[in-house]
Amino acid sequence: MATAKTQRHAAGLFDIRNIIGALLFLYGVVLFIAGIVGSSSVQKAKAGGVNANLWVGIALLLVGGFFLVWAYVRPVVVPDDLDQTDEKQPAGNP
Amino acid sequence: MIALDSSSILRLDANWVDYLLIATYFVFVLGIGLMARRSVSTSLDFFLSGRSLPAWVTGLAFISANLGAVEVMGMSANGAEIGMPTFHYYWIGAIPAMLFLAVVMMPFYYGSKVRSVPEFMLRRFGPTAHLVNSISFAIAQVLIAGVNLYLLATIVNSLLGWPIWVSTVAAALIVLSYITLGGLSAAIYNEVLQFFVIVAALLPLTVIALHKVGGWGGLKDKMATAHTTSQLSSWPGNSLTGFTSSFWSVIGIVFGLGFVLSFGYWTTNFVEVQRAMASKDMNSARRAPIIGAFPKMFIPFIIIVPGMLAAVLVPELAKYKAAGGKGGPIDYNDSILLLMRDVLPNGLLGVAIAGLLAAFMAGMAANVSAFNTVFSYDIWQTYIKKDKPDGYYTALGRWATLGATVIAIGTSLLAGQFSNMMNYLQTLFGFFNAPLFATFILGMFWKRMTPTAGWTGLVSGTLSAVVVAILSNDALGSLSTGVVNLSGQGASFVAAGAAFVVDILVSVVVTTVTLPKPESELRGLVYSLTPKEDHHDDHGGSWWQSPPKLAGVALVMVIILNILFR
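In this text the structure is predicted, and so the values were computed from the model without any measurement. (Residues numbered from 1 in each chain as written. Chains lettered and ligands numbered in written order. Predicted model: local features only at pLDDT ≥ 70, side-chain atom pairs only at ≥ 80, totals over all residues. Heavy atoms only, no water.)

Draft legend 1. Quick look at the side chain of Asn148(B). With respect to the element layout, Asn148(B) can be found in helix 9 (residues 127-160). Sequence-distant contacts of Asn148(B), defined by excluding residues within four places in its chain, comprise Ala69(B), Val70(B), Phe360(B), Gly363(B), Met364(B) and Asn367(B). (Helix = DSSP H or I, 4+ residues; strand = E, 2+ residues; numbered from the N terminus. Contact = heavy atoms within 4.5 Å.)

Draft legend 2. Representation of the packing of aromatic side chains within the structure. Applying the stated criterion to the full structure yields 34 aromatic pairs over all chains. An angle of 75° between the planes, with centres 5.3 Å apart, marks the rings of Phe259(B) and Phe500(B) as edge-to-face. Within this pair, whereas Phe259(B) is found in helix 13 (residues 246-268), its partner Phe500(B) is found in helix 22 (residues 488-513), the two being separated by 241 residues in sequence. Among the aromatic residues, those joined into a cluster by ring pairs are Phe66(A), Phe67(A), Trp70(A), Trp56(B), Phe195(B) and Phe196(B). The ring of Trp70(A) carries Arg17(A) above its face, with NZ or CZ at 4.7 Å from the centroid. Seen from the ring of Tyr377(B), Arg115(B) lies directly overhead, with NZ or CZ sitting 3.7 Å from the centre. (Phe/Tyr/Trp six-rings, centres within 6.5 Å; stacked < 30°, edge-to-face > 60°. Lys NZ or Arg CZ within 6 Å of the ring centre and 35° of its normal.)

Draft legend 3. Representation of the nonpolar core in the model. Counting residues in each nonpolar core, the largest one holds 199 residues, and the members touching the most others are Tyr109(B), Leu317(B), Met340(B) and Ile353(B). Each of two domains, domain 1 (4-417) and domain 2 (421-531) of chain B, supplies a minimum of three residues to this core. (Core = buried A, V, L, I, M, F, W, Y, C linked by side-chain atoms within 4.5 Å. Buried < 20%, exposed > 50% of the residue type's maximum accessible area, 1.4 Å probe, protein only. Domains from an automatic or database assignment.)

Draft legend 4. Expanded view of the packing of helix 18 (residues 348-384) of chain B against helix 19 (residues 390-417) of chain B. All names here are of chain B. Taken N-terminus to C-terminus, the directions of helix 18 and helix 19 make an angle of 130°; their axes are 9 Å apart at the nearest point. Our classification of the angle between helix 18 and helix 19 gives oblique. The handedness of the crossing between helix 18 and helix 19 is right-handed. Two secondary-structure elements touch here, helix 18 through Met364, Val368, Phe371, Asn372, Phe375, Ser376, Trp380 and Gln381 and helix 19 through Tyr392, Tyr393, Leu396, Gly397, Ala400, Thr401, Ala404, Thr405 and Ala408. Grouping the amino acids of the contact of helix 18 with helix 19 by side-chain chemistry returns eleven nonpolar, six polar and no charged. (Axes fitted to C-alpha atoms, helices over the stretch in contact; angles between N-to-C directions. Parallel < 35°, antiparallel > 145°, perpendicular 65-115°, else oblique. Left-handed = near helix turned anticlockwise from the far one by under 90°. Nonpolar A, V, L, I, M, F, W, Y, C, P; charged D, E, K, R; others polar.)

Draft legend 5. How the structure looks around the confidence of the model for chain B. Residues and elements named next belong to chain B. Looking at chain B, pLDDT values average 82 and 94% of them are 70 or higher. Here helix 1 (residues 4-10) stands out as the least confident element of chain B, with mean pLDDT 54; helix 15 (residues 282-313) is the most confident, with 90. Counted against residues more than four places away or in other chains, residues 1-6, with its pLDDT under 50, gives eleven contacts. (pLDDT = per-residue confidence, 0-100.)

Draft legend 6. Inspection of helix 23 (residues 547-564) of chain B at higher detail. Residues and elements named next belong to chain B. Taking 1.5 Å of rise per residue, 18 residues should cover 26 Å, and helix 23 covers 26 Å from first to last C-alpha, within 8% of that figure. For helix 23, the full list of buried residues reads Pro547, Leu550, Ala551, Ala554, Val558, Leu561 and Asn562. Mapping the buried residues of helix 23 onto a view down its axis gives an arc of 120°, with all of them on the same face. (Expected span 1.5 Å × (residues − 1). Arc of directions from axis to C-beta.)

Right, dumping it as structure tokens:
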């Protein structure tokens, strides 16, 4: 993102990993709760006797959490002048 | 699929939890558009994300842009109808071409700093070939965007009962708002998000359905009972090609689908290439299609396998299939929706509906974002208003997005009236791709090839594909005469093959009698005239950072998959 006006800063909220992580985590929470409180025998029978919402909810919590942790541990650093990274390929044409 | 009585069969009883999940997704989609707006300050930001994205993002967007309505519904329908031969569309018809794009062609696209695939055409072959390419591409994109929009609206209509025009306008407005705000960044970020949502929807669907049928063995048993065991092997795939001879079927799949059609599509289609071009450096641009290839080779397991499962698990569909695909009120296109209806509890159902809507909108958004770039840079800036300030073109891109969306709404209404015509139009646009690949690959490696050869090859190649399609049984519907006994995919393979061969022949012949471009103008565009350092790929040295080595790993994996599921 070529927005940086300061020297270098973390990309912060608009790191796509935060967005993926947040959405999947939220979905995980909703499914987890639906799995605990809303699981009637009819709903279970549909999925062949498994509490599908609960298990998928747990999986999504883990995957969403992974993205959030990844983005937190290794933030994207946005350099001041991103357009200059082009210098790696001195192309022959303008 | 849109017959009135089928809507009640497909109606999913979504409850408030499902709607909550769907609504959450749309908040995220629009939020991405709003946030991406902050990063748009030049036209390059708007059209190519400022060439700043990491390889895993552009790689996922690369396959996500293709993971639209046509693919999800079409490939699961094929899975339900013919079973495993459908895998060829991925393992033969996509992966090799994606790897070839990454290793061989991307250095030319990215290294020459062109902003679109047609612009490469302009620099290599001049204005005539460029006009042919950019106009046909722009028209194809708005029409296909309309088809995607129409599919989305019919599905919302049958799933949730919304009137067609309400869902058409609502979906168009959402796509319009996030692309006009955030340009390609918003489109790409949404494609990446869409990828995860669709996996979160389809993976549990597959696993649960597989559990319900009693595992892989259970699926085999059920298919044996239904006398469709032969659908469990992917080769020689006669059911896919429509050829009676197994030998020609294999040849058709490898050369027709695997070479001409798929190389034409994946290496010259700007919708795909644009995603890789948004990468932050040469190495990322080359790795994007390879990184995309890894999930791409496993996507059939969550799209085709559910189709196969639906054909044994959903009673209506099993009956329809046993009757030889006749008798309605449903058809194969409904496979994945029927499976969702029967297998998913409320909650997961919401995730699945959000995933499908996401896929459909992303398909349309990909078409629109590729269209606005080609329209603004290749048509308007090149031929109509040349020397305006940069901000003018960004604004133009936003208006082009609005225009494309309005036309797409119009096209989607047409598609509802003349659905067959739309299919044939898409077949026709497919014919542009095979000669494009021939022209590009010849132009990249043969410095003598002339500008005149560029456009004559393209035009004659496309025309010969159209001629073959007209001679075939059904490739262009009632326009086809049936002089040559070819039908289904086999006819497309032969048409594309003819286009490729004629393009090469005409290009070679015309080159010998016309004047080539001066060599000084071809640096970065032709292999032998490009210094090695122009294509220098600054990677760290690990095997997973080297495009050829990473592509080798992907190739070995896809060969293993082919052997495992032969």
